[in-house]
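Each chain, letter by letter, is given below.
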Amino acid sequence: MTRRLDYKIITDLINPDARVLDLGCGNGDLLSLLKEKKNIRGAGIEIDEKAVHSCIEKGLTVIHGDIDTELLDYSNKRFDYIILYESLQQVLNPKKVILESLRVGKKVIVAIPNFCHINGRFQVCFRGNVPITKELPDQWYDTPNVKFLSIKDFQRFCDHYDIKIEKKRALSRNQEISFWPNLFAHVGIFVLSKE
Amino acid sequence: MTKNLGIVETQQITCFERPNSLTLKSGLKLGPITIAYETYGTLNSDKSNAILICHALSGDAHAAGLHKGDKKPGWWDNMIGPGKAFDTNKYFIISSNVLGGCKGTTGPSSINPETKKPYGLSFPVVTIKDMVVVQKALIDRLGIKKLHAVAGGSMGGMQALKWSVLYPDSVNSAIVIATNTGHTAQQIAFHEVGRQAIMTDPNWNNGDYYDKKPPSTGIGLARMVGHITYMSDESMDKKFGRQLIDKERVGFDFSQDFQVESYLKYRGESFVQRFDPNSYLYISKALDYFNLSEEKSLDVVFQNVKANFLVITFTSDWLYPTHQLKSMIKALKINDADVSSCEIKSSYGHDSFLIEADGQSDLITNFLKKESK
């Protein structure tokens, strides 16, 4: 159910007929939804071969490859939106990916898992293990995540690099969180732009 | 459920009759040109469901189904037929033998109408572009204005690319498999070994052997080298390993010891039965001359393309590795073309496009549903 609210929020953020590039598009569910609801012209980049097959099955345009390198090929402001849906924590150089995304896209929509949700903090403090939650289900030895950040960390990063946060939303399971999101939200969604 | 096509036949038409001979890329003229082709499925009333299949170096028009009396089906039978990737219930599939070939389309073994003898080396050197121009003449003759797709692997992929650039309004989709936009030094080098093997065979006789013994040893060697480049170390290891031929231990002589040796020898020897050595020279040369970017950059070459592209490569294909197509994909992206790509995990090397039907079939089936912009 969380996914549905995530997707709904992102769908609402995107203008009709926009041009969208989804970095780490997975099975292409979000791109398909955006095509259906907002008539976007979209493409995805995905590293997993099986996921690429699913995208093609859905009639999507998808490049099988690494976000870090594939992104470099596009000209400036080619897309209206670049989407990084829970893929930023899986790239080796998130700073470079965000800055490149801001070059290629007019706006960048980022959804990140909040590693400092209260459940996680509780586990770190009292149980002495890194957080394993419904939202972050993988053990340290087989998680695809390579970077760990909180909503607050991400905001600081944007401040530091003069990236404008146009909109921000936070949610937990299937509801939006406005009170202390860095403690109570599982996911942060940001709309970014840069002069 | 998939079915097989059953009995099929090769047909022929003749184009470029004099004085309307074809001016080749080299500037030389050639005509008349006979084109051998097969079709599978039914052309719909608005002629919008045609797909052109382009073959690789040693392929021919017989892509699927069985010729009367044959046991072995066409070279892409696992991909073409009712319910298969190129579904003949939906699409009208056309497959033609390339210019310079030896399976019914005009090539060096064809009779030159002027001399009433085989062309041999008097046949002009042809290019991938010339092959595509001849295919276009066939498509025109069939009354088809726009192909739903052009598809091919290896040299067939080069033809598909050339189609998309040369006739952008006539191609809805291009399926480009295990290929390159221009031959690299390594790819040229392997071909040159093959050509030298043919040309140093005394029976080659400067290409004039049609009433004598053909250069079997030469083309056999060329095929052996080719075969090695089409497989992967993994697939060779799986198939042969170090297995010996009917013996317990190596012979300490220069007879054949290993299975892989006898396999290659068999492949080489049987090749001359079905392939003209001169055609091998001409077609391998056409591959080596292929350079889609010519003097321009690929960004410029793709400026006018309209097709949707599906680019398929294979992890174990070291002859046409995935990374070589990165610059092409980049150029297509820059030109805002609709391009999808997939590197399929496979252990069969370059031959994967002929063998590895599983992942490839689904990709193609689904991609073919895409309509033009």
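Everything quoted here is computed from the prediction, not taken from an experiment. (Residues numbered from 1 in each chain as written. Chains lettered and ligands numbered in written order. Predicted model: local features only at pLDDT ≥ 70, side-chain atom pairs only at ≥ 80, totals over all residues.)

1. Observations regarding the overall build of chain A
The criterion, for reference: Labels follow the DSSP assignment, with helices taken as runs of H or I lasting at least four residues and strands as runs of E lasting at least two, numbered in each case from the N terminus. The globule rule used here is 2.2 Å times the number of residues to the 0.38 power, and the radius of gyration it is set against is calculated over C-alpha atoms. The contact criterion used here is simple: two residues whose C-beta atoms, placed from the backbone, lie within 7 Å are in contact.
When its secondary structure is counted, chain A shows eight helices and eight strands. Its C-alpha atoms give chain A a radius of gyration of 16 Å, within 12% of the compact-globule value 16 Å for 195 residues. Along the first, second and third principal axes, the C-alpha atoms of chain A reach 45 × 35 × 30 Å. The long-range fraction of contacts in chain A, counting pairs at least 24 apart against all pairs at least 6 apart in sequence, stands at 60%.

2. Quick word on the sheet that holds strand β1 (residues 11–15) of chain B
All names here are of chain B. Here is the rule we go by: Only when DSSP finds a minimum of two bridges between them are two strands counted as paired. The axes are straight lines fitted to the C-alpha atoms, using for helices just the contacting stretch, and the angles between their N-to-C directions are given from 0 to 180°.
On the basis of which strands lie adjacent, the open sheet formed by eight strands has the order β1-β4-β8-β5-β11-β12-β13-β14 and mixed pairing. Two strands lie at the open edges of the sheet, namely β1 and β14 (338–344), each paired on one side alone. On average, adjacent strands in this sheet sit at an angle of 20° to one another, irrespective of strand direction. Across six bridges, the pairing between strand β11 (residues 147–153) and strand β12 (residues 171–177) is parallel. Within the sheet, the bridge partner assigned to Gly 153 lies in β12 and is Ile 177. Packing against the sheet, helix α2 (residues 155–166) makes contact with β5 (50–54), β11 and β12, and its axis sits at approximately 150° to β12.

3. Section: the environment of Leu 221 of chain B
Its location among the elements puts Leu 221 of chain B in helix α4 (residues 216–230). Taking the C-alpha atoms as reference, Leu 221 of chain B lies 29 Å from Ala 151 of chain B; in sequence the two are 70 residues apart.

4. What about the nonpolar core?
When a protein is soluble and globular, its nonpolar side chains tend to lie buried together. Operational definition: Among buried residues, those of type Ala, Val, Leu, Ile, Met, Phe, Trp, Tyr and Cys that are joined through C-beta atoms within 7 Å form a set called a nonpolar core. Here a residue counts as buried when 20 or more other C-beta atoms fall within 10 Å of its C-beta, as exposed when 12 or fewer do, and as partly exposed in between; the C-beta atoms come from the backbone. Start and end points for every domain follow an automatic or database-based domain assignment.
Counting 156 residues, the largest nonpolar core has Ile 83 of chain A together with Ile 51, Ile 53, Val 150, Ala 174 and Ile 175 of chain B as the members making the most contacts within it. Two domains each provide a minimum of three residues to this core, namely domain 1 (11–183 + 291–367) and domain 2 (187–286) of chain B. Dropping the residues within four chain positions of it, Ile 53 of chain B is found in contact with Ala 63, Trp 76, Ile 80, Phe 86, Ile 93, Ile 94, Ser 95, Ala 151 and Gly 152 of chain B.

5. Quick look at the domain arrangement of chain B
The parts lose accessible area when they come together, and the size of an interface is often stated as this lost area. All names here are of chain B. Worth spelling out the cut-off: Polar here means any residue outside two lists: the nonpolar Ala, Val, Leu, Ile, Met, Phe, Trp, Tyr, Cys and Pro, and the charged Asp, Glu, Lys and Arg; Gly therefore counts as polar.
Split into domains, chain B comes out as domain 1 (11–183 + 291–367) and domain 2 (187–286). Between domain 1 and domain 2, the C-alpha centre-to-centre distance is 25 Å. Across the boundary between the two partners, domain 1 contributes 28 residues, which contact 21 residues of domain 2. Among the residues making up the side of domain 1 that touches domain 2, the classes are represented as 14 nonpolar, 13 polar and one charged.

6. Considering helix α3 (residues 185–199) of chain B
Residues spaced three or four apart along an α-helix point in a common direction, a consequence of the helix completing one turn every 3.6 residues. What counts, and what does not: Each helix should span, by expectation, one fewer than its residue count multiplied by 1.5 Å.
With 15 residues, α3 of chain B extends 20 Å from end C-alpha to end C-alpha; this agrees with the ideal 21 Å at 1.5 Å per step. Where α3 of chain B is buried, its residues contact α4 and α7 (277–289) of chain B.

7. Thoughts on the environment of Asn 182 of chain A
All names here are of chain A. Tracing the backbone through its elements, the reader meets Asn 182 in helix α8 (residues 181–184). Asn 182 gets classed as partly exposed once you count the C-beta atoms within 10 Å, which come to 19. A C-alpha to C-alpha distance of 32 Å links Asn 182 and Gly 65, two positions 117 residues apart in sequence. Those residues in contact with Asn 182, other than ones at most four positions away along the chain, are Asn 114, Cys 116, Ser 150, Ile 151 and Lys 152.

8. Some remarks on the pairing of strand β4 (residues 79–85) of chain A
Along a regular strand, successive side chains alternate from one face of the sheet to the other. Residues and elements named next belong to chain A. Counting buried positions along β4 gives six out of seven residues, so the element sits mostly inside the fold. Here strand β1 (residues 19–23) pairs with β4 via three bridges, running parallel. Along β4, the bridge assignment pairs Asp 22 with Ile 83.

9. Some words on the interface of chain B and chain A
In this complex, chain B contributes 19 residues to the contact, which on the side of chain A involves 13 residues. Secondary structure elements with two or more residues in the side of chain B that touches chain A: α9 (326–334), β14 and α11 (357–367) of chain B. Counting residues per element, the side of chain B that touches chain A draws most heavily on β14 of chain B, which supplies seven residues. Classifying every residue of the side of chain B that touches chain A gives seven nonpolar, four polar and eight charged.

10. A word on the packing of α3 of chain B against α4 of chain B
Residues and elements named next belong to chain B. The cut-off we apply is this: For this classification, under 35 degrees means roughly parallel, over 145 means roughly antiparallel, 65 to 115 means roughly perpendicular, and everything else is oblique. Handedness of a helix crossing follows the sense of rotation of the near helix relative to the far helix, less than a right angle counterclockwise being left-handed and clockwise being right-handed.
Two elements in contact, α3 and α4, have axes whose closest approach is 7 Å; the angle formed by their N-to-C orientations is 165°. What the angle tells us is that α3 and α4 run roughly antiparallel. α3 and α4 meet at a crossing whose hand is right-handed. In this structure, α3 uses Phe 190, Val 193, Gly 194, Ala 197 and Ile 198 to contact α4, whose residues at the interface are Gly 218, Ile 219, Leu 221, Ala 222, Val 225, Gly 226 and Thr 229. Residues that form the contact of α3 with α4 fall into these classes: eight nonpolar, four polar and no charged.

11. A closer look at the pairing of strand β8 (residues 92–96) of chain B
Residues and elements named next belong to chain B. The element β8 is largely enclosed, with a buried count of five among its five residues. By the alternation rule, side chains of β8 split into Phe 92, Ile 94 and Ser 96 and Ile 93 and Ser 95, which are all buried. Sheet topology places strand β4 (residues 33–40) next to β8; four bridges connect them, and they run antiparallel. Across the sheet, Glu 38 pairs through a bridge with Ser 95, a residue of β8. Bridging between β5 and β8 involves four bridges; their strand directions are parallel. Bridged to Ile 51 within β8 is Ile 93.

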